[in-house]
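The lines below spell out each chain.
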Amino acid sequence: MDILIFQAVLAASVLVFLVPKKFMYWTSLLFTSVLIIISSTWAVQAFATGDIISREFFFEFWDQKPVFVIDKLSAFFVLIINFTVLTGFIYARGYLAPYMKKKSDIALSIHFFSLIWLHSSMIQATMLRQGMAFLLVWELMALSSFLLVIFNGEQKTVLRTGINYLVQMHLGFGAILIAFLIVKQATGVASFDALPIYFQEHNNFWLFLIFFFGFGIKAGFIPLHTWLPRAHPAAPTHVSAIMSAVIIKVGIYGILRVLTHVQSSFLEISILILVISIISGLMGVILAIFQHDLKKLLAYHSIENIGIIGIGIGVAVLGKYFDNSSLIFLGLGGALLHVLNHSLFKSALFYSAGSVLQATGTKNIEQLGGIVKKMPATAMIFLVSALAICGLPPFNGFISEFLIYNGVFQNLTHAGYANSLASISIIVSLALIGGLAIFCFTKAFGVAFLGVSRSSFPTPIKERPLSMLLPGVLIIAVILTIGFFPAPFFQLVQSIQSEFSFVDGYAAPEITSYTLSQIGKINLIFALVVIGLLVLRWVHQRSVSVRQGPTWGCGYTAADYKHQYTSTSYADNLRQIVQPLISFKKDYKGFEEAEIFPEPKTFETHGDDKIEVKLIVKPINWLKDQLPKAGLAQTGSINHYLLYPIIFMIAIGLLTYFGII
Amino acid sequence: MIPLLLIFITALFFPGIIGKTKAIFSGRKGASILQPYRDIVKLFRKGSVYSDNSSSIFQFTIPVYIAALIAAVLVLPFGYHAGFISFEGDFVFFAYIMALARFMMIIAALDTASGFEGMGANREAFYSMLVEPAFFVLLGTLAMFTGFDSFYDIFANLHFTSYFSVLVAVIAAYLLAQICLVENSRMPVDDPKTHLELTMVHEVMILDHSGFDLALIHIGNALKFGIFGLLIANCVIHVEWGAEIVYPLYFVTQVLFAVSIATIESFRARNKMAFNSQYIINLSAISLLLIFVVLIINNNL
């Protein structure tokens, strides 16, 4: 019955095109809420009972009735997707308000319609097992998100970005299709459920590699990431938040789903995942540091966090190879918890960035500054999420990174040569990623929100309405809950691990729940000390004189906003170290000889992604040069075209005469 | 609670000892070793001046900074006394809560819109980012060497594992001392007595702090010395030794640590700014070498 409602709502979503503008938001919110309630009920049921919930469709697709199968892994992702889409919808109320007048009815209808379908296709992708049905919703997901990205398609760059996104998503689609066809060829069934049979009889690595390529494009692993830093800033903010928080996680879901069935080649698979994840983590955060566009900076951080999730997954697979249960459980637990954590703080970061964008009209942090005084609530949401994304206690990001660290350190205590070197390199990369993330977010928060404004804005900057703050507040409530009471959340992700076939036969380390409750305890003490000190300070300040004065300029009295550190100068000392990894361009035209009265000059620097240039742009440019050469025969004159079949016939005759074919 | 008490006691005298030693080396009589605390008490009595540019962020960063340092102290063990809270991987918590403290200092500096403070903040973020791997590799190596992964178990078992434990302990103590110098922005990375804001790291970040906040920052600095001194003492001390050796040894270690910092600061010049990153990366390189030493000792190579 519930599945009937589910599909009826999806069918009814076309109503969005019929209702007048002012009801559009509420209609689509109603539809989405129904979908959220139904799918969440399934998910909660799957967790509560431990059973696999299945719901069969009422119609056939590709000769069989598709079935929603909700095990705990699916349920986990369904819940994350539902929460993020819900906050996204709340945020969209305020964010879309200025567009309500500007945009035509049809543009808004398409937007809301795509939003409903994006949500439904994401949850369906995590629930469907049959290959063809899965690929269909996978395609729907790409198409609906494409339509959402090009919401501001009247800008040429946005449209180009959208098309870039669409093309790359289809590369991924192609890879997954090939992978399913290989499975079908070998087992007769194209479905995730056929993977155990396939993996039993064939090499696990190559099929996994193809799946990893397909899902990895969605997840945004380097070097499959190039769509991500473009599409996220181009999309409207609630869409960027949903993209960054959950669409890329559906890619992670795909990888995990395949991984649940993998039975051998653990070493190769773990090396593949670890190497790519470490590169993604480090390069993602390094590239983020050189961005001036706040949303692009956050997009690169998504790559970094996908890297951390990947490191967790890789650690778990490595643990299977080394036969080490702490690596398996803590790696996988950390990765899964980080999926949840990242969806929380990343969407909150995007919401605050979007609020700043809407209030000031720019997302270039070099022009911002001092936002915290005008929009204190937005700034606080940004700050807490930034602390969480840096993995700092007492917030949730620390818990998931701690689990991965803890797994690796536990493994180190009785590791052999290869094992300990692998562990140390994972630790070094995690530590570096953590340090760089702090570097990046002190920059982003410090330059954009603190200090004084670097430019004047046409309209006064005001705090955003409640609908744009509420999502952030909700998310921070969850962030704090995970930070202070981590043990239940770990148990939740630990129960998911029973879905992985390679985890069978290993006992979960018992000590972790105790460890996590200790962390919760020390976090609480920390919070109490903070409160105590703040009260003490408040009391103290009442008894002494407190004055305002100019910032100490070290003797220089004419200091102004131009003397502040900028995003570029903050990143400069790092630039000297990572020079080989990133290409920097300077846009500057010097003075000309005959220039007696110099024109105003501008100077700009851009940090670009060298991996993209070397691995993607150059080969494609080479192909573009080479392909026209194949057109040599295409002369355009009809006598040549008549000649070709004659040559062909003669060649065939000769070849058969001499018995070659 | 023992480690907490020990740190507070030594932190009380640490900056004074450094100051006194430096004074003696430069041929002055120097202030009493309690002078830093007279200064702090004086600051507590004073009022505050806040920059016009600073925001609400500036009002809570320093209390959070101190609270984070106190939370870091809570996981530290001493000899056979486990930390107030001890769990597997507590050193990860230690490193990250110290990073939280740093984060707060950095954003407080950026909040004042001063170019100088931005410069200090930037350097602080950069150097601490570079030093992070050294600490983690060091702790990873110790975990590998002892077979345990919490502060308490690592230090409790450090000297039971092998005859070569002294070698590992000495290198670990050296690295911890160096990390402490970077964390606390002392020589050769930064000169606390420099008079030029352009070359400062820590001092320039706190130009706009006054009164209560500045007092807390001074306490925080002393605490950081106490924390690292305790870690170094833990490397030296054998758990089975009795209290009559352990406590005097602890204080001797702390005093020696303070004196050696003062000696370094009296007799060498600070690094060129551009040379600092290389200097800090060297620490990670040394700790990476330590891994191979431990692999050889544990017969794993």
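These numbers come from a predicted model, not from an experiment.

Quick word on helix α9 (residues 211-236) of chain B
Side chains that are three or four residues apart share a direction in an α-helix, a result of its 3.6 residues per turn. For α9(B), built from 26 residues, the straight-helix expectation of 38 Å at 1.5 Å per residue is met to within 8% by its first-to-last C-alpha distance of 38 Å. Of all 26 residues making up α9(B), 23 are buried, and the element is well covered by its neighbours.

Some remarks on the layout of surface pockets
Residue and element names in this part refer to chain A. There is about 1,500 Å³ of room inside the largest pocket. Asn164, Gln168, Thr226, Arg230 and Glu612 are the residues nearest the centre of the largest pocket, which is lined by 42 residues in total. Elements with a minimum of two residues in the lining of the largest pocket: α7 (156-187), α9 (204-219), α10 (228-234), α13 (294-322), β4 (582-588), β5 (603-609) and α23 (610-630). Considering only residue class, the lining of the largest pocket consists of 18 nonpolar, 13 polar and eleven charged.

Focus: the interface of chain B and chain A
Each partner contributes residues to the interface: chain B has 83 residues there, and chain A has 79 residues. Counting the surface lost from both chain B and chain A, the interface buries some 6,800 Å², and carbon and sulfur atoms represent 73% of this. Run the count over chain B and chain A and you get one salt bridge. The partner of B:Asp213 in a salt bridge is A:Arg537, with the nearest N and O atoms 2.8 Å apart. At the junction of chain B and chain A, the tally comes to 21 residue pairs in polar contact (both at pLDDT 80 or more). Looking at the side of chain B that touches chain A, the elements that each hand over two or more residues are α2 (35-45), β1 (48-51), α3 (57-74), α4 (90-110), α5 (115-146), α9 and α11 (273-297) of chain B. Sorting elements by how many residues they give to the side of chain B that touches chain A places α5(B) first, with 19 residues.

A word on the environment of A:Tyr95
All names here are of chain A. Structurally, Tyr95 can be placed in helix α3 (residues 72-95). For the pair Tyr95 and Ile399, spaced 304 residues apart in sequence, the C-alpha to C-alpha distance is 32 Å. Not counting residues up to four positions away in its chain, the partners in contact with Tyr95 are Pro236, Thr237, His238, Gly354, Leu357, Gln358 and Met468.

Here's the deal with helix α1 (residues 2-25) of chain B
Residue and element names in this part refer to chain B. Between its terminal C-alpha atoms α1 stretches 34 Å, which fits the 34 Å expected from 24 residues at 1.5 Å a residue. Maximum bend of α1: about 30°, positioned at Phe13, with proline Pro15 one to four residues after it. One or two steps after α1, the chain reaches Gly27, where phi turns positive at roughly 80°.

Focus on empty space enclosed by the protein
All told, the structure shown has five cavities of 30 Å³ or more when counted by the stated rule. Of the volumes computed, that of the largest cavity is approximately 80 Å³. What lines the largest cavity is simply B:Phe94, B:Ala95, B:Met98, B:Arg102, B:Val131, B:Glu132, B:Phe135, B:Ile179, B:Glu183 and B:Phe228. In terms of residue count, the dominant contributor to the lining of the largest cavity is α4(B) (four residues). Here the lining of the largest cavity is composed, by residue class, of seven nonpolar, no polar and three charged. Together, A:Gly446, A:Val447, A:Arg454, A:Gln564, A:Tyr565, B:Leu110, B:Ala113, B:Ser114 and B:Gly118 line the second largest cavity. The residue makeup of the lining of the second largest cavity, split by class, is four nonpolar, four polar and one charged.

Details of unusual backbone geometry
Residue and element names in this part refer to chain A. Cis geometry marks the peptide bond from Ile222 to Pro223; its omega dihedral reads 10°. Within the secondary structure, Pro223 sits in the loop between α9 and α10. In this structure, the amide linkage connecting Pro393 to the following residue, Pro394, adopts the cis form with an omega of 0°. When you line up the elements, Pro394 lands in the loop between α16 (376-389) and α17 (396-412). Phi at Ser265 is positive, roughly 60°, even though this residue is not glycine. For Ser265, the position within the fold is in the loop between α11 (237-259) and α12 (266-289). The exposure class assigned to Ser265 is buried, which follows from its relative accessible area of 16%.

Description of the packing of helix α2 (residues 21-49) of chain A against α3(A)
Residue and element names in this part refer to chain A. The contact between α2 and α3 brings their axes to 9 Å, and the two run at 155°. Between α2 and α3, the crossing angle belongs to the class labelled roughly antiparallel. Crossing of α2 over α3 shows left-handed handedness. Together, Tyr25, Trp26, Ser28, Leu29, Thr32, Ile36, Ser39, Ser40, Ala43, Val44, Ala46 and Phe47 of α2 and Lys72, Ala75, Phe76, Val78, Leu79, Asn82, Val85, Leu86, Phe89, Ile90, Ala92 and Arg93 of α3 make up the contact between the two elements. Residue classes in the contact of α2 with α3 are distributed as 17 nonpolar, five polar and two charged.

Some thoughts on the packing of aromatic side chains
Residues and elements named next belong to chain A. Per the stated rule, a full pass over the model turns up 67 aromatic pairs over all chains. Ring centres of Trp42 and Phe68 lie 5.7 Å apart, and the angle between their planes is 55°; this geometry places the pair in the tilted category. You can see Trp42 sitting in helix α2 and its partner Phe68 sitting in strand β2 (residues 67-70), a full 26 residues away along the chain. A single burial state applies to Trp42 and to Phe68, both of which are buried. The ring of Phe151 carries the charged tip of Lys103 above its face, separated from the ring centre by 4.6 Å. In this arrangement the basic side chain of Lys218 is found over the ring face of Trp138, its NZ or CZ atom lying 5.1 Å from the centre.

Digging into the domain arrangement of chain A
Where the parts come together, the accessible area they lose is often given as the size of the interface. All names here are of chain A. On domain assignment, one finds that chain A holds domain 1 (265-540 + 559-578) and domain 2 (602-661). Distance between the C-alpha centres of domain 1 and domain 2: 47 Å. Listed as interface residues are seven residues of domain 1 and, on the opposing side, five residues of domain 2. Each partner contributes to the roughly 420 Å² buried at the junction of domain 1 and domain 2, and carbon and sulfur atoms together form 55% of this total. If you look at where domain 1 meets domain 2, you find zero salt bridges. Here domain 1 and domain 2 share zero residue pairs in polar contact (both at pLDDT 80 or more) between them. In terms of residue class, the side of domain 1 that touches domain 2 is built from four nonpolar, three polar and no charged.

Conventions we followed
For every chain, the first residue of the written sequence is number 1, and numbering continues from 1 onward in sequence order. Just so you know, chain letters begin at A and ligand numbers begin at 1, following the order they were written in. Confidence filtering applies because this is a predicted model: local features only for residues at pLDDT of at least 70, side-chain atom pairs given and counted only at 80 or more, and all residues used for totals across whole chains, interfaces and linings. Processing note: side-chain calculations cover all non-hydrogen atoms of the structure and skip hydrogens and water entirely. Each helix is a run of DSSP H or I of at least 4 residues and each strand a run of E of at least 2, with the numbering of both proceeding from the N terminus. To estimate how far a helix should extend, the number of its residues minus one is multiplied by 1.5 Å. Think of it in three bands: with a 1.4 Å probe and only protein chains considered, a residue is buried below 20% of the maximum accessible area for its type, exposed above 50%, and partly exposed in between. Throughout, the protein atoms alone are placed on a 1 Å grid, and a set of points is a cavity if a 1.4 Å probe fits but cannot get out or a pocket if it is open with protein on both sides within 12 Å along at least five of seven lines; lining residues have an atom within 4 Å of a point. Grid points are joined across faces, edges and corners, and a volume is the space filled by probe spheres set on the points. Charged residues are taken to be Asp, Glu, Lys and Arg, nonpolar residues to be Ala, Val, Leu, Ile, Met, Phe, Trp, Tyr, Cys and Pro, and polar residues to be all remaining types, Gly included. In what follows, a contact means two residues having at least one pair of non-hydrogen atoms within 4.5 Å. In short, buried area is how much 1.4 Å probe accessible area vanishes from two parts on joining, totalled over both. Put simply, a salt bridge is a Lys or Arg side-chain nitrogen that is within 4 Å of an Asp or Glu carboxyl oxygen. The term polar contact refers here to a pair of N or O atoms within 3.5 Å; inside protein, the definition further demands a hydrogen-donor-capable atom paired with an acceptor-capable atom, and it admits residues adjacent in sequence only when both atoms are side-chain atoms. Throughout, the bend at a residue refers to the angle made by two axes, fitted to the seven residues ending there and to the seven starting there. Simply put, an axis is a line fit to the C-alpha atoms, just over the touching stretch for a helix, and the angle between two N-to-C directions goes from 0 to 180 degrees. The labels follow the angle: roughly parallel below 35 degrees, roughly antiparallel above 145, roughly perpendicular from 65 to 115, and oblique for the rest. By convention, the crossing between two helices is left-handed when the near helix turns anticlockwise from the far helix through less than a right angle, and right-handed when the turn is clockwise. Two aromatic rings, drawn from Phe, Tyr or Trp (for Trp, its six-membered ring), form a pair once their centres lie within 6.5 Å of each other, and the interplanar angle then sorts them: stacked below 30 degrees, edge-to-face above 60, tilted otherwise. Should the NZ of a Lys or the CZ of an Arg lie within 6 Å of a ring centre and within 35 degrees of the ring normal, that charge is described as sitting over the ring. Marked domain ranges trace back to an automatic or database domain assignment.

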